[in-house]
Amino acid sequence: MQQRTLPDYDNPPAQETWMAFRFSSLDWRIPHFGAFWNEVKDDYPDFEVHPPLGDFALQLTNKDLDATISLPIRCWFINNEQNRLLQVQHNRFFQNWRRPNPAAPYLHYEKLRPSFEYEWSRFCDFARRHRIGTPAVLLCEVCYINHLERGIGWKDYADLAVIFPSIGTLHGRQFLKLPETTAVSASFVIPPNEGRLQVAIHPAVRQSDGKEVIQLTITAGCRPASNDMPELLRCLDDCRYWVVTGFDDLTSDDMHRIWRKK
Amino acid sequence: MAQALRLPNFAGARATRRGELRDSDSTLRQWSPVRGLESPAWMREVYDRLSVLGALPQGWDTYGARPVDPTALATARLFLSHLQVEDLPMPHLSPIPSGGIGFHWRVGERDLEIEIGPGAGIRCLRTQLPQMRMDEDEVDIVKAQEVLAWLLVR
């Protein structure tokens, strides 16, 4: 793993992290979900079925004798501890990790990436053995979802500048006062046009405990130069570098003190 | 003959689902459940009001009422975060002298009070006006959703 000096915190507000590969569509049908689950069931005994991500086509035929249907879905496979999740669809593969509660320890990327690499290898091996194609990765993604609890460093939703110094107040020049809530969406180029860093800031309520939070979602996506594992891992490392450095760069020194920046 | 029905990006469908963050499909990849505070428009104000109630001192009614119990407050926050209330008007919130929190809605001739007690139990009282036909029950979050739907039945 490429060694870089990155900002680090004793108590970061990270609630969830996911890594993902988007790849060229496989000939992945509904029975493959079950067959794949059979291979990972010991580690991920629960499942949920969700609509797929991205655009999708629902294929219907109107001939009785050879009527077929291709129903795009996305399956979640969930571990017993409810802190690890695999998301699989015909052109995406994710692994999510979340804190089961806000007091639980934060899992570092250095521990998460090998897990993702292992699961991806299992997935590719499954695809090879079932002759449904080799996934050609088009985009590597890393996302950190942070929950900034109300009352910890900030009080009012109009006070986003307390957390994010580069964000103004949106106070009108004469007519409008402070907004009741503010949400922000921003995109940054990862040079040399290798990908994008997406930042989303939303006021929200965390449904696990009903607490008000500002959800800060930072997602980096990079296009790999090849399908080789070292290149894919390099892209993940680059994504992580951009997410962590971007997080540090966008947030205030006061918040860094609260998160105990090292 | 095969027909392809092109469906819009699911993010579009997501935007119509109630109470969820209105974002790109990035939130669809997320596992930790959250609800947006922008819909309905009164949601943020209600959470602010809950904070105010949570800060009331002992004897806030000058008759020795208890402060709002932290468990009741946490339950009220959790309760609101799970309910689909987009079609409802803003509830009236009030502290209860025993240390609980009350939500009150009136829609037309239907009146609903939901009380979250200091032990976090949830009770509701439905009243059909003008007959004053009353129905009282203990509810959980799932049942509470049904009761709220009753408010909007014509």
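Residues numbered from 1 in each chain as written. Chains lettered and ligands numbered in written order. Predicted model: local features only at pLDDT ≥ 70, side-chain atom pairs only at ≥ 80, totals over all residues.

### Things to note about the overall build of chain B
Looking only at helices and strands, chain B has four helices and seven strands in total. When the helices and strands of chain B are placed in sequence order, the string is β-α-β-α-α-β-β-β-β-β-α. Considering chain B as a whole, with its 154 residues, one finds that 26% of them fall into the buried category. Put simply, of all contacts in chain B between residues at least 6 apart along the chain, 44% involve residues at least 24 apart. (Helix = DSSP H or I, 4+ residues; strand = E, 2+ residues; numbered from the N terminus. Buried ≥ 20, exposed ≤ 12 C-beta atoms within 10 Å, placed from the backbone. Contact = placed C-beta atoms within 7 Å.)

### Looking at unusual backbone geometry
A cis amide bond, omega -5 degrees, links proline 191 of chain A with the succeeding residue proline 192 of chain A. Position of proline 192 of chain A relative to the elements: it lies in the loop between strand 9 (184-190) and strand 10 (195-206). Here serine 39 of chain B and proline 40 of chain B are connected by a cis peptide whose omega angle stands at -5 degrees. Mapped onto the elements of the fold, proline 40 of chain B is located in the loop between strand 2 (34-36) and helix 2 (43-54). A positive phi angle is found at arginine 260 of chain A, which is not glycine, with a value near 55 degrees. Mapped onto the fold, arginine 260 of chain A is located in the segment after helix 5 (253-258). Arginine 260 of chain A sits in the exposed class, given 11 other C-beta atoms within 10 Å. Positioned with a positive phi, threonine 62 of chain B is a non-glycine residue whose angle comes to about 65 degrees. Position of threonine 62 of chain B among the secondary structure elements: in the loop between helix 2 and helix 3 (70-82).

### Quick word on the nonpolar core
Counting residues in hydrophobic clusters, the biggest one holds 79 residues, and the most contacted among them are Phe21, Cys140, Cys239 and Val243 of chain A together with Ala76 of chain B. In terms of residue count, the dominant contributor to this core is helix 4 (residues 229-250) of chain A (nine residues). With near-sequence residues (within four places) excluded, cysteine 140 of chain A lies in contact with Phe21, Gly221, Cys222, Pro224, Leu232, Cys235, Leu236 and Cys239 of chain A. (Core = buried A, V, L, I, M, F, W, Y, C linked by C-beta atoms within 7 Å.)

### Some points on the domain arrangement of chain A
All names here are of chain A. Domain assignment breaks chain A into domain 1 (1-18 + 139-262) and domain 2 (25-135). Opposite the 10 residues of domain 1 that make contact, domain 2 presents 12 residues. Take the side of domain 1 that touches domain 2: its biggest share by element is five residues, from strand 1 (residues 14-23). Looking at side-chain class alone, the side of domain 1 that touches domain 2 contains six nonpolar, two polar and two charged residues. (Domains from an automatic or database assignment. Nonpolar A, V, L, I, M, F, W, Y, C, P; charged D, E, K, R; others polar.)

### So, the pairing of strand 7 (residues 133-139) of chain B
Residue and element names in this part refer to chain B. Counting buried positions along strand 7 gives zero out of seven residues, so the element sits mostly on the surface. Sheet analysis places strand 6 (residues 122-128) next to strand 7, joined by seven bridges and oriented antiparallel. By the bridge assignment, cysteine 124 is partnered in strand 7 with aspartate 137. Connecting the antiparallel pair strand 6 and strand 7 is a turn made up of four residues, with methionine 132 showing a positive phi of about 65 degrees. (Pairing = 2+ DSSP bridges.)

### So, the environment of tyrosine 241 of chain A
Residues and elements named next belong to chain A. Within the element layout of this structure, tyrosine 241 appears in helix 4. By the C-beta count within 10 Å, which is 18 here, tyrosine 241 ends up partly exposed. In the structure, tyrosine 241 is positioned 156 residues away from leucine 85 in sequence and 23 Å away in space, judged by C-alpha atoms.

### Some remarks on the sheet that holds strand 7 of chain B
Residue and element names in this part refer to chain B. Spatially, 3-4-5-6-7 is the arrangement adopted by the five strands of the open sheet, whose pairing is antiparallel. Because the sheet does not close on itself, it has two edges, and the strands there are strand 3 (92-95) and strand 7. In this sheet, neighbouring strand axes are inclined to one another by 15 degrees on average, regardless of whether the strands run parallel or antiparallel. Bridge analysis of strand 3 against strand 4 (residues 101-107) gives four bridges, and the strand direction is antiparallel. Counterpart to histidine 92 in the pairing with strand 4 is histidine 104. (Axes fitted to C-alpha atoms, helices over the stretch in contact; angles between N-to-C directions.)

### Some thoughts on the confidence of the model for chain B
Residue and element names in this part refer to chain B. Overall, the predicted model of chain B reaches an average pLDDT of 84, with 83% of residues at or above 70. Taking the mean pLDDT of every element in chain B, the minimum, 33, falls on helix 1 (residues 10-16) and the maximum, 97, on strand 3. Every residue in residues 1-18 is under pLDDT 50, and counting partners more than four places away or in other chains gives 28 contacts. On the interface metric, ipTM, the complex scores 0.86, and its pTM is 0.88. (pLDDT = per-residue confidence, 0-100.)

### A short note on the pairing of strand 5 (residues 74-78) of chain A
If a strand is regular, its side chains alternate between the two faces of the sheet. Residues and elements named next belong to chain A. The sheet contact formed by strand 2 (residues 46-50) and strand 5 spans five bridges and is antiparallel. Among the inter-strand pairings, glutamate 48 is bridged to a residue of strand 5, identified as tryptophan 76. Bridge count for strand 5 against strand 6 (residues 84-89) is four bridges, and the pairing is antiparallel. The partner of phenylalanine 77 across the bridge, within strand 6, is leucine 86.

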